[in-house]
Amino acid sequence: MTQTALLELKGICRRFPGVIALDDVDLDVYPGEIVALIGENGAGKSTLMKIIGGVIQPDAGTMRFAGREAIVRSPREAGLQGIEFIHQELSVLDNLDVAANIFLMREPTYGGPLKLIDRQKIYVEADKYLLKVGLEISSRTPLSLLSIAQRQLVEIARALSAGARLLIMDEPTSSLTLSESKLLLQIIRDLKSDGVGIIYITHRLDEVQEVADRVVCLRDGRNSGSLTKNEIRHDLMFSMMVGRDLSDFYIHPENSSKTCADSGGFSVVNLRTPKYPQQAVSINVKNGEVLGLAGLIGAGRTEAACAIFGIDGRPDGEIRLNGDVLDIRSAADAIEQGIYLIPEDRRGAGLIVDFSIRENISLPGLKRFSNYGLVNRTTERRTADIMCRQINIKTPNSEVIAANLSGGNQQKVVLAKWLALSPKVLIFDEPTRGIDVGAKMEIYSLIRNLAADGVAILVISSDMEELLGISDRIAVMHEGRITGQLSREEFSEEAVIRLATGG
């Protein structure tokens, strides 16, 4: 391009104790250009974005913004220069309404030195940005009443309201429905036409193909390649990210459904949830089987998983394991029976992020690590270290705080705490949301190994390719009820969508 780059990074290096996070990394973005930044979790993407945003400083290298050398010392300085972020982990505040979240720290005021907040103006302006992102609610709505997807759109509206020149989007569609994702991609195109430069970070490579003008890949803290618009293909991106071909991405043994057909398993009969009290759900998962549970956002899949796990108290329905009727009144009862849930919100519900890996892994089964009420730290640490090695949690040791891990490694910690308790039934709710392709392969391999060991596995996923790739059977939900089940021979995207829309 002949025009001046909006952002230009040269030779960026950053080291942490024992880790070289970035090693001589280059990146540039031009006005009105969408650059997809891809790479596995731990490749250095987050560190690079923190440098651009002023959260941390580089050890070496230079940054230029709008043609001038830039030293960004804080996120506030980044915002003043026109650099805005949309984070994967939401940073909106539940105790405020939507408008207050959109204009937080940028509230219009009146009254001169009194600086009284002009709430009427806030609501009028906030409503305009909500319309721009397709969120048809009042800006006076308390944020606590919104779904995760709606909160994500509020975060996007907040970034747009700040008048960004460079917009960095980190997994912005990870919590959005298909229609919401398409709307967001259109918003991105509109921003591009307005001259905004965009860094788009995602693990959804189909979105990269659809929207990116250029792809830049990081691997192990270094530039591993780039692709122009005409070169962007799924297989080339995958190869740059992981250093190997796309073959065998999904591991599915031949005749797996037949090998578990006559074994026992886990079943739910006439389960009713608070969201859909008039609808009864019945499913069965054989030992050694992976049952995919498909459906649109709001179909009731997560609510069913929570009911099975005892989060809502005793479920309205019957739960059986290997022929025995279980009395589950709480999550503790489900855990006692060997039924475990890996939730969609791994940071909020699956981990205590301020605890170490060791503490998170041992927490559900402290009795196993205790003598006379005192935790045996040696046994606890040994078990955590074994689990870290067994499922390849990338960490120097098990004392690392969970909040400091990548998304894929956090997911592995959630899985590790249950594997340490020898599961009989595992329920995965969106197991690879926001996880890179390399970590996805490892999670899929772990799921297959668990099934081979006889664990009954239920996988809830909004990723159609994922469900078709890893499932032995697929059950589909629509508005709180099962509308049909598909054997592997019947799998197709069209068949799932037909059932998911009530067909």
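Throughout what follows, the structure given in this document is the object of discussion. (Residues numbered from 1 in each chain as written. Predicted model: local features only at pLDDT ≥ 70, side-chain atom pairs only at ≥ 80, totals over all residues. Heavy atoms only, no water.)

Regarding the sheet that holds strand β2 (residues 19–29)
The strands making up a sheet are joined through hydrogen bonds of the backbone, oriented either antiparallel or parallel.
Line of reasoning, step 1. Across the sheet, four strands lie side by side as β2-β1-β4-β5; this open sheet has antiparallel pairing. Two strands bound the open sheet, and with one partner strand each, they are β2 and β5 (68–69).
Line of reasoning, step 2. In the sheet, strand β4 (residues 60–65) pairs with β5 via two bridges, with the strands oriented antiparallel. Paired with R64 across the strands is E69, a residue of β5. (Pairing = 2+ DSSP bridges. Helix = DSSP H or I, 4+ residues; strand = E, 2+ residues; numbered from the N terminus.)

Here's the deal with the pairing of strand β13 (residues 265–272)
Line of reasoning, step 1. Alignment of β13 against strand β14 (residues 281–286), held across five bridges, turns out to be antiparallel. Across the sheet, residue G265 finds its bridge partner in β14, namely K286.
Line of reasoning, step 2. Sheet topology places β13 next to strand β16 (residues 316–321); five bridges connect them, and they run antiparallel. Paired with S267 across the bridge in β16 is R320.

A few points about the packing of helix α4 (residues 119–132) against helix α5 (residues 148–161)
Line of reasoning, step 1. Interaxial distance between α4 and α5 falls to 9 Å at its minimum, and their mutual angle equals 115°. Pair α4 / α5 crosses with right-handed handedness. Residues Y129, L130 and K132 of α4 lie in contact with α5, whose contacting residues are A157, L160 and S161.
Line of reasoning, step 2. Among the residues making up the contact of α4 with α5, the classes are represented as four nonpolar, one polar and one charged. (Axes fitted to C-alpha atoms, helices over the stretch in contact; angles between N-to-C directions. Left-handed = near helix turned anticlockwise from the far one by under 90°. Contact = heavy atoms within 4.5 Å. Nonpolar A, V, L, I, M, F, W, Y, C, P; charged D, E, K, R; others polar.)

Examining the side chain of N101
Line of reasoning, step 1. For N101, the position within the fold is in helix α3 (residues 98–102).
Line of reasoning, step 2. On the basis of relative accessible area, N101 is assigned to the buried category, the value being 0%.
Line of reasoning, step 3. Reaching out from N101, the side chain makes a polar contact with the backbone nitrogen of L93 at a distance of 2.7 Å.
Line of reasoning, step 4. Sequence-distant contacts of N101, defined by excluding residues within four places in its chain, comprise V92, L93, L96, L143, V154 and R158. (Buried < 20%, exposed > 50% of the residue type's maximum accessible area, 1.4 Å probe, protein only. Polar contact = N/O pair within 3.5 Å; in protein donor to acceptor, adjacent residues only side chain to side chain.)

Observations concerning unusual backbone geometry
Line of reasoning, step 1. Within the chain, M105 stands out as a residue other than glycine whose phi angle is a positive 70°.
Line of reasoning, step 2. You can see M105 is positioned in the loop between α3 and β7 (109–110).
Line of reasoning, step 3. Look at M105 and you get exposed, because its relative accessible area is 66%.
Line of reasoning, step 4. Look at E479: it is not a glycine, yet its phi comes out positive at around 50°.
Line of reasoning, step 5. Among the secondary structure elements, E479 is positioned in the loop between β23 (473–478) and β24 (481–487).

A few points about the packing of aromatic side chains
The geometry of an aromatic ring pair comes down to the distance between the two centres and the angle between the two planes.
Line of reasoning, step 1. What the rule picks out here adds up to two aromatic pairs.
Line of reasoning, step 2. Pairing F309 with W418 gives two aromatic rings, centres 6.2 Å apart and planes at 75°, and the pair type is edge-to-face. With F309 in the loop between α10 (301–308) and β16 and W418 in helix α15 (residues 407–419), this residue pair connects regions lying 109 residues apart in the sequence.
Line of reasoning, step 3. For W418, a relative accessible area of 4% puts it in the buried group.
Line of reasoning, step 4. Taking the centre distance of 4.6 Å and the plane angle of 10° together, the rings of Y340 and W418 count as stacked. Of the two residues, Y340 sits in strand β18 (residues 339–342) while W418 sits in helix α15, which places them 78 residues apart along the sequence.
Line of reasoning, step 5. Residue Y340 is classed as buried on the basis of its relative accessible area, which comes to 3%.
Line of reasoning, step 6. Taken together, the ring pairs connect F309, Y340 and W418 into an aromatic cluster. (Phe/Tyr/Trp six-rings, centres within 6.5 Å; stacked < 30°, edge-to-face > 60°.)

Here's the deal with the sheet that holds strand β17 (residues 324–325)
Line of reasoning, step 1. Strand order across the open sheet formed by four strands is β14-β13-β16-β17, with antiparallel pairing between neighbours. Across the chains shown, the open sheet's two edge strands, defined by having one partner strand only, are β14 and β17.
Line of reasoning, step 2. Examined bridge by bridge, β16 and β17 share two bridges and lie antiparallel to one another. If you follow L321 over to β17, its bridge partner there is D324.
Line of reasoning, step 3. Lying on the sheet, α10 is in contact with β13 and β16; it crosses β13 at an angle near 110°.

Concerning helix α16 (residues 437–452)
Line of reasoning, step 1. Taking 1.5 Å of rise per residue, 16 residues should cover 22 Å, and α16 covers 22 Å from first to last C-alpha, within 8% of that figure.
Line of reasoning, step 2. Among the 16 residues in α16, twelve count as buried, and that is most of the element.
Line of reasoning, step 3. Looking only at α16, the buried set comprises V437, G438, A439, K440, M441, I443, Y444, L446, I447, R448, L450 and A451.
Line of reasoning, step 4. Looking one or two places after α16, you find G454, whose phi comes out positive at around 95°. (Expected span 1.5 Å × (residues − 1).)

Things to note about a nonpolar patch on the surface
Line of reasoning, step 1. Together, I352, F355, L363 and L366 make up an exposed nonpolar region whose accessible area comes to about 280 Å².
Line of reasoning, step 2. Locating F355 in the fold gives a position in the loop between α12 (346–350) and α13 (357–362).
Line of reasoning, step 3. Taking the relative accessible area as the measure of exposure, F355 reaches 31% and is therefore partly exposed. (Patch = residues over 30% accessible without salt bridge, like charges linked within 9 Å, V, L, I, M, F, W, Y side chains within 5 Å. Areas by Shrake-Rupley, 256 points an atom, 1.4 Å probe, with all protein chains shown as cover. Salt bridge = Lys/Arg side-chain N within 4 Å of Asp/Glu carboxyl O.)

Geometric values such as these leave the question of function open.
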